[in-house]
Amino acid sequence: MTAVAVIGAGISGLVAAFRLKQAGCRVTVFESSDRIGGKLRSGTMDGLRVDVGAEAFVRRRPEVLGLAAELGLADDIVSPLGRRPAVYADGGLHPLAARQLMGIPTDAPEVSVPLAWNRRVDVSLGALVRERLGETVVARSVDPMLSGVYSAHADDVSVRAALPALAAELDAGTQSLTAAVQRVLDRSTASGPVFGAFRGGYQDLLDALAAQLEGSILLNAPVPELRSGWMLRGWWFDAVVLAIPPPQVARITRTTFPRLAQAVAGIPAADSVIVTLRFPDSVEFPDHSGVLVASGEILTAKAFTLSTQKWGPDVRPGPMVRVSLGRLGVSRIVDEDDATVAEAALADLQTVFGTTASPRSALIQRWYEGIPVYVPGHLDRLAEIADATPPGLVLTGAYFDGVGVAACIAHAEAAAAAVLEHRVAG
Ligand SMILES: Cc1cc2nc3c(=O)[nH]c(=O)nc-3n(C[C@H](O)[C@H](O)[C@H](O)COP(=O)(O)OP(=O)(O)OC[C@H]3O[C@@H](n4cnc5c(N)ncnc54)[C@H](O)[C@@H]3O)c2cc1C
């Protein structure tokens, strides 16, 4: 029987382990912390389960819904009520363009000169959008969206890695950015709600995966160094799936696989803090699902999810608000103490919503190196990583093909398939 070590029990490691176990491998998952889930983490507030890491998933991709159905959780999936998000800019709330791709609208006026696009070069979304549609679109639409997804500014995010379909359209010769965006959107046949969540938080999914992997997960079991030959913590393995974030990959491969460590270390990761607040019943918020913050605003927060209004009072009783703070290279709010973090969140709530009420409960969760940022050149970096990865080792995680939970599941399933191919080849 093929013995496989999976390092990291976030969603990527758990899914890879689940698929490998289903395929008949003997799987051991090594997790450094005392819990599974990584960035999927449900806390408790007033007896309610609340996600303090990821809270939603893209429902228009099949992976999360498929996995949930397979694990008997189809009835636990909930959809947003349909309220729209707004953008906070110049002291007011503005609607987000209805038709847009990562904040790039289809109806913004564009410069008339044909787009100069180089197929061999990667640029940032900020540079591309600024040149074609102007700074206001970057600051008020693209930056707020990217801050939500990557905790980073548009100038730090690669067009080719973050929006490969758009890059392909421009490679094919489309000379207007809005026309290219329009074509990408037109090709999508997806319908129905864009997002979904688990009624009882991501803990529902984690519990179901843990049940499938019973006896295979070792907690408080960090792998400090990866050595070839695959002996980990006293056991021998035929293959290893490395499902930990880039900074940790770099740390554990530094001595034995320095080329791999160097390539992975070049991927930056953004720190962030999530502050979840529950207010007295009398407190009201505007009729939106949430608010994204335009760049240049004097706020520490980058986004507010109005959770009760987004998911409904039966799913997220409230009024509950989730404040996200921290962007790559902008603020070190993550290093401040709890009182300072809470104060910053409340001050921003007052600025944006005029809310002066004190919350009845609060939860603060810091995420150091939480989200990998796909900076320009990211795809070259991934090619270097592939080139430096020895046989028998398979890497997976949010730095490959999308940071969202659905994308992580897809990549982890591909990683498991690669291990099985290696087994056949070996
Ligand atoms: C604040 C925040 C909000 C987000 N919101 C959303 C959202 O709403 N929707 C969405 O789709 N995505 C969201 N994401 C992104 C998504 O949650 C992550 O990209 C995804 O969960 C990453 O999963 P992973 O398994 O690849 O890595 P992780 O979750 O980082 O898991 C890695 C695991 O490896 C362990 N580990 C590390 N080093 C070692 C070692 N040496 N030995 C053993 N174990 C080790 C860690 O303890 C951890 O448990 C969010 C991310 C953050 C940070």
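This one's a predicted model, so the numbers in the text were calculated from it and none came from an experiment.

We now examine the overall build of the chain. Scanning the chain from N- to C-terminus turns up 14 helices and 21 strands. Against the 2.2 N^0.38 benchmark of 22 Å for 426 residues, the chain shows a C-alpha radius of gyration of 22 Å, consistent with a compact globule. Across its three principal axes, the chain shows a C-alpha extent of roughly 60 × 55 × 40 Å. Out of the 426 residues in the chain, the part that is buried amounts to 55%. Residue pairs at least 24 apart in sequence account for 75% of intrachain contacts in the chain once pairs closer than 6 positions are excluded. On the chain, roughly 18,000 Å² of surface is accessible, and the fraction owed to carbon and sulfur atoms is 51%.

Once that is clear, we can look at the site of the ligand. In the vicinity of the ligand lie 36 residues, with Ser 12, Glu 31, Lys 39, Ala 56 and Val 403 positioned nearest. A distance of 3.0 Å separates a nitrogen atom of the ligand from a polar backbone atom of Val 223. Note that an oxygen atom of the ligand is positioned 2.6 Å from one of the backbone N or O atoms of Val 403. With the chains in place, 88% of the 1,000 Å² that the ligand exposes on its own is no longer accessible. Examining the composition of the shell around the ligand, we find that three residues originate from one element, strand 20 (residues 361-372), more than from any other. Tallied by class, the residues present in the shell around the ligand amount to 20 nonpolar, twelve polar and four charged.

The next point concerns the packing of aromatic side chains. Evaluation of the coordinates by the stated rule reveals ten aromatic pairs. Clustering of aromatic rings is evident, with ring pairs tying together Phe 279, Phe 285, Phe 304 and Phe 353.

Attention now moves to the domain arrangement of the chain. Domain annotation for the chain reports domain 1 (3-38 + 201-267 + 375-425) and domain 2 (98-187). Each of domain 1 and domain 2 has a C-alpha centre, and the two are 32 Å apart. Residue-level contacts link six residues of domain 1 with ten residues of domain 2. Of all residues in domain 1, the largest losses of buried area upon contact with domain 2 belong to Pro 376, Leu 379 and Val 403, amounting jointly to 69% of the total for that side. Our count for the domain 1 to domain 2 interface comes out at zero salt bridges. At the boundary of domain 1 and domain 2, one finds one residue pair in polar contact (both at pLDDT 80 or more). Per-class residue counts for the side of domain 1 that touches domain 2 are four nonpolar, two polar and no charged.

Procedures and definitions
Residues numbered from 1 in each chain as written. Predicted model: local features only at pLDDT ≥ 70, side-chain atom pairs only at ≥ 80, totals over all residues. Heavy atoms only, no water. Helix = DSSP H or I, 4+ residues; strand = E, 2+ residues; numbered from the N terminus. Rg over C-alpha atoms; globule rule 2.2 N^0.38 Å. Buried < 20%, exposed > 50% of the residue type's maximum accessible area, 1.4 Å probe, protein only. Contact = heavy atoms within 4.5 Å. Areas by Shrake-Rupley, 256 points an atom, 1.4 Å probe, with all protein chains shown as cover. Near = heavy atom within 4 Å. Polar contact = N/O pair within 3.5 Å; in protein donor to acceptor, adjacent residues only side chain to side chain. Nonpolar A, V, L, I, M, F, W, Y, C, P; charged D, E, K, R; others polar. Phe/Tyr/Trp six-rings, centres within 6.5 Å; stacked < 30°, edge-to-face > 60°. Domains from an automatic or database assignment. Buried area = accessible area lost by both parts, 1.4 Å probe. Salt bridge = Lys/Arg side-chain N within 4 Å of Asp/Glu carboxyl O.

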